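Structural overview
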Amino acid sequence: MTHSDETVIRLRGLRKKFGTLEVLKGIDLDLHRGEVLSVIGPSGSGKSTLIRCLNLMEEPTDGSFTFQGREVSPKFRAKAPAIGAGELRRRVGMVFQHFNLFPHLSVIDNITKGPRTVLGEDRAPAEAHAMELLEEVGLADKARAYPAHLSGGQKQRVAIARALALRPEVMLFDEPTSALDPELVGEVLAVVRRLAEGGMTMVLVTHEMGFAADVASRVLFMENGMIAEQGSPHDILRAPKSERLKGFLARFHA
Amino acid sequence: MYHWDFYTVLQSFDLFLMGIWTTFLYTIGSISIGVVVGLAACFARLSHRAPVRLLARSYQELFRCTPLLVQILWAYYALPMILGISISNTAAGLLMLSLYVGSFYAEIFRGGILAIDKGQSEAAHAVGMSGVQAMRHIILPQAVKKMLPAFINQSVVQVKNTSLLYAISIAELTYMTSVVNSETYRPLEAYSLAAVLYFVMLFPLTQVADYFERRMRRSD
Ligand SMILES: Nc1ncnc2c1ncn2[C@@H]1O[C@H](COP(=O)(O)OP(=O)(O)OP(=O)(O)O)[C@@H](O)[C@H]1O
Ligand SMILES: [Mg+2]
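About the thresholds
Residues numbered from 1 in each chain as written. Chains lettered and ligands numbered in written order. Predicted model: local features only at pLDDT ≥ 70, side-chain atom pairs only at ≥ 80, totals over all residues. Heavy atoms only, no water. Near = heavy atom within 4 Å. Polar contact = N/O pair within 3.5 Å; in protein donor to acceptor, adjacent residues only side chain to side chain. Areas by Shrake-Rupley, 256 points an atom, 1.4 Å probe, with all protein chains shown as cover. Helix = DSSP H or I, 4+ residues; strand = E, 2+ residues; numbered from the N terminus. Nonpolar A, V, L, I, M, F, W, Y, C, P; charged D, E, K, R; others polar. Contact = heavy atoms within 4.5 Å. Buried area = accessible area lost by both parts, 1.4 Å probe. Salt bridge = Lys/Arg side-chain N within 4 Å of Asp/Glu carboxyl O. Buried < 20%, exposed > 50% of the residue type's maximum accessible area, 1.4 Å probe, protein only. Phe/Tyr/Trp six-rings, centres within 6.5 Å; stacked < 30°, edge-to-face > 60°. Axes fitted to C-alpha atoms, helices over the stretch in contact; angles between N-to-C directions. Left-handed = near helix turned anticlockwise from the far one by under 90°. Core = buried A, V, L, I, M, F, W, Y, C linked by side-chain atoms within 4.5 Å. Pairing = 2+ DSSP bridges.

1. Here we look at the site of ligand 1
Residues and elements named next belong to chain A.
- Lining the immediate environment of ligand 1, one finds Phe18, Val23, Pro42, Ser43, Gly44, Ser45, Gly46, Lys47, Ser48, Thr49, Glu175 and His207.
- Note that an oxygen atom of ligand 1 is positioned 2.5 Å from one of the side-chain N or O atoms of Ser43.
- In the environment of ligand 1, an oxygen atom lies 2.8 Å from a nitrogen or oxygen atom belonging to the side chain of Lys47.
- Starting from 640 Å² of accessible surface for ligand 1 in isolation, the protein chains cover 59%.
- A per-element tally of the shell around ligand 1 places helix 1 (residues 47-53) first, with three residues.
- Residue composition of the shell around ligand 1, grouped by class: three nonpolar, seven polar and two charged.

Shown next as structure tokens:
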């Protein structure tokens, strides 16, 4: 897949510590517009922490982080030219492993809540946009349903629509299918694939190696808080260089 | 064989009604103030600042670990000596009832908020909501459902606790019953009637609490 040379997110020497435990040990990363970056690696290697730093769900302890050339500040309302957590999160959407839908709100209210409270959108245009998004994820008939009455795959598709409602420029996915029954994985991946084909800039943590190979423009292998190897899906998944990556991949081909 | 004579007591039923009205006013007043105080203490305890947390915690423990009757007597007889001003029994009673129930409400509110999964506030933040917006639109609406049964139960206790105002001569139901008693010399009938009146007021409330509790368990 092609992408432009415009760098949306730039990380230099990014570090994250939890107490004394250093989980990210100096990450350098350039994410280009339209790029689909897949992050793989063993459990505990820091994949979730990395992706959560990208919308300040976790606050990095050191290093530099810029979004479209503007320095990212952990303050919710940072003064320009810096970009604060509030603005960053409006422009960087996130989809969680466990969906985290709002159980007290209907599907359509789950989607419009963000735009209405954060952007101050009126109900009518917010709902019209939400219906478009529900069409896209194939759940227009569930607009008035409550999350408790949806399957896991449907919940995750609503969660994707909820994130898209703020018209983000980047989407982050942290293992979006690993909480799903196997037969429900396909419907969610289809939505993610369509987003990728539509040119959305994305970072996707996944254990679905086949899917990563398929949609990613670049694959990043993390190990022990560092980027151990990166390259095209073919290079990383079919022609791994390091023994660690070979060992890691062997477990998926078994 | 004791000769029951409710007729004499019932002739003073207007006194009972006045007592019920006063009990009602103190209950509503102290619950309203208590909710505000409880919310403040609850958010103070969830604060990032340690001194704020400590202050709220100290208030809570002070009021939860001393008897309400002592608090009321202290506010009426001791506090004026410290402040050098006179405090009416209304002010002393309302103040202590409110602070007392507020300390329990704070714990109920806090429990309800902490019971909401962390993923909820993360999802709210992920769509750009501030902490206050996430609390108002996402966390509180869910937490209120969880705290409702405990809140109603504590409020039932609060109605009963107004009877302690008797000790500083506030004319609530228990006090008025003692007035009827001293006029009629019919303690058995007077206090039995008072008990029945309290029961009639509170039984429906406990049923409402049970209803919410059952409904909550079903939706989990
Ligand atoms: N909030 C936290 N507090 C303390 N330690 C944490 C926290 N979050 C993550 N960690 C630790 O950081 C390390 C990396 O965690 P992370 O969740 O980023 O790994 P991961 O690569 O996503 O793993 P998995 O594949 O299991 O999801 C782990 O050792 C984890 O225990
Ligand atoms: Mg993870």
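2. Overview of the interface of chain B and chain A
- The partner chain A presents 23 residues to the 16 residues of chain B that form the contact.
- Overall, the association of chain B and chain A removes approximately 1,600 Å² of surface from exposure, summing both partners, and the carbon and sulfur fraction of that is 63%.
- On the chain B side of the interface with chain A, the three residues burying the most area are Glu122(B), Ala126(B) and Val127(B), jointly 32% of the side's total.
- If you look at where chain B meets chain A, you find one salt bridge.
- A salt bridge links Arg52(A) to Glu122(B), with the nearest nitrogen and oxygen atoms 2.8 Å apart.
- In this structure, the connection of chain B to chain A is made through seven residue pairs in polar contact (both at pLDDT 80 or more).
- Put simply, the parts of the chain that give the side of chain B that touches chain A at least two residues each are helix 6 (118-126) and helix 7 (131-161) of chain B.
- For the side of chain B that touches chain A, the leading source of residues is helix 6 of chain B, giving seven residues.
- For the side of chain B that touches chain A, the residue count by class is seven nonpolar, eight polar and one charged.

3. Digging into the pattern of salt bridges
Residue and element names in this part refer to chain A.
- This model, assessed by the stated rule, comprises 25 salt bridges over all chains.
- Between Arg218 and Glu35 there is a salt bridge; the shortest N-O distance is 2.8 Å. Of this pair, Arg218 sits in strand 9 (residues 218-223) while Glu35 sits in the loop between strand 2 (21-32) and strand 3 (36-40), and the two are 183 residues apart along the sequence. Glu35 shares its class with Arg218; the two are buried.
- Two residues, Glu243 and Lys246, come together in a salt bridge whose shortest N-O distance is 3.5 Å. Here Lys246 and Glu243 lie together in helix 9 (residues 243-253), a separation of three residues that amounts to about one turn.
- Since its relative accessible area comes to 59%, Glu243 is described here as exposed.

4. Quick look at the packing of aromatic side chains
Residues and elements named next belong to chain B.
- A full pass over the atoms with the stated rule returns 14 aromatic pairs over all chains.
- When the ring of Trp21 is compared with that of Phe24, the centres are 5.5 Å apart and the planes differ by 20 degrees; the resulting orientation is stacked. Taken together, the residues span about one helical turn, with Trp21 and Phe24 both in helix 2 (residues 13-45) at a distance of three residues.
- On the numbers, 4.8 Å between centres and 65 degrees between planes, the contact of Tyr76 with Tyr77 is edge-to-face.

5. Regarding the packing of helix 3 (residues 50-64) of chain B against helix 5 (residues 89-114) of chain B
All names here are of chain B.
- Following both chains from N to C, one finds helix 3 and helix 5 inclined at 115 degrees, their axes separated by 9 Å at the closest point. Crossing angle aside, the handedness with which helix 3 passes helix 5 is left-handed. Where helix 3 approaches helix 5, its residues Tyr59, Gln60, Phe63 and Arg64 are matched on the opposing element by Met96, Leu99, Tyr100, Gly102, Ser103, Phe104, Ala106 and Glu107.
- Residue classes in the contact of helix 3 with helix 5 are distributed as seven nonpolar, three polar and two charged.

6. A word on the nonpolar core
- In terms of nonpolar packing, the biggest core is built from 74 residues, with Leu11(A), Phe65(A) and Phe67(A) touching the most fellow members.
- Considering each element in turn, this core owes the most residues, 10 residues, to helix 5 of chain B.
- Apart from residues no more than four positions distant in its own chain, Phe67(A) is found in contact with Val8(A), Ile9(A), Val72(A), Ile83(A), Leu88(A), Arg91(A), Val92(A), Glu169(A) and Val170(A).
- By size, the runner-up hydrophobic cluster in this structure holds 37 residues, among which are Val95(A), Phe99(A), Leu204(A) and Val215(A).

7. A look at the sheet that holds strand 4 (residues 62-67) of chain A
Residue and element names in this part refer to chain A.
- In spatial order, the strands read 2-1-4-5; together these four strands make up an open sheet with antiparallel pairing. The open sheet terminates on both sides in strands that have one partner only, identified here as strand 2 and strand 5 (70-71).
- Taken together, the five bridges between strand 1 (residues 7-18) and strand 4 define a ladder with antiparallel strand orientation. Paired with Ile9 across the bridge in strand 4 is Phe67.

8. Here's the deal with the environment of Asp62(A)
Residues and elements named next belong to chain A.
- With respect to the helices and strands, Asp62 occurs in strand 4.
- By relative accessible area, which is 47% here, Asp62 ends up partly exposed.
- For the pair Asp62 and Pro103, spaced 41 residues apart in sequence, the C-alpha to C-alpha distance is 36 Å.
- Beyond its immediate chain neighbours, meaning those up to four positions away, Asp62 contacts Gly13, Leu14 and Arg15.

9. Examining the pairing of strand 9 of chain A
Residue and element names in this part refer to chain A.
- Counting buried residues in strand 9 gives six out of six residues, a clear majority hidden from the surface.
- Pairing of strand 3 with strand 9 involves four bridges; the strand directions are parallel. Within strand 9, the residue paired with Ile40 across the bridge is Phe221.
- Sheet topology note: the strand 9/strand 10 (residues 226-231) ladder contains five bridges and is antiparallel.

10. Digging into the sheet that holds strand 6 (residues 92-95) of chain A
Residue and element names in this part refer to chain A.
- Spatial strand order, 6-7-8-3-9-10: six strands in an open sheet with mixed pairing. The open sheet has two edge strands with one neighbour each: strand 6 and strand 10. Direction aside, the axes of adjacent strands within the sheet are offset by 20 degrees on average.
- Two elements, strand 7 (residues 170-174) and strand 8 (residues 201-205), share five bridges in a ladder whose sense is parallel. The partner of Phe173 across the bridge, within strand 8, is Leu204.

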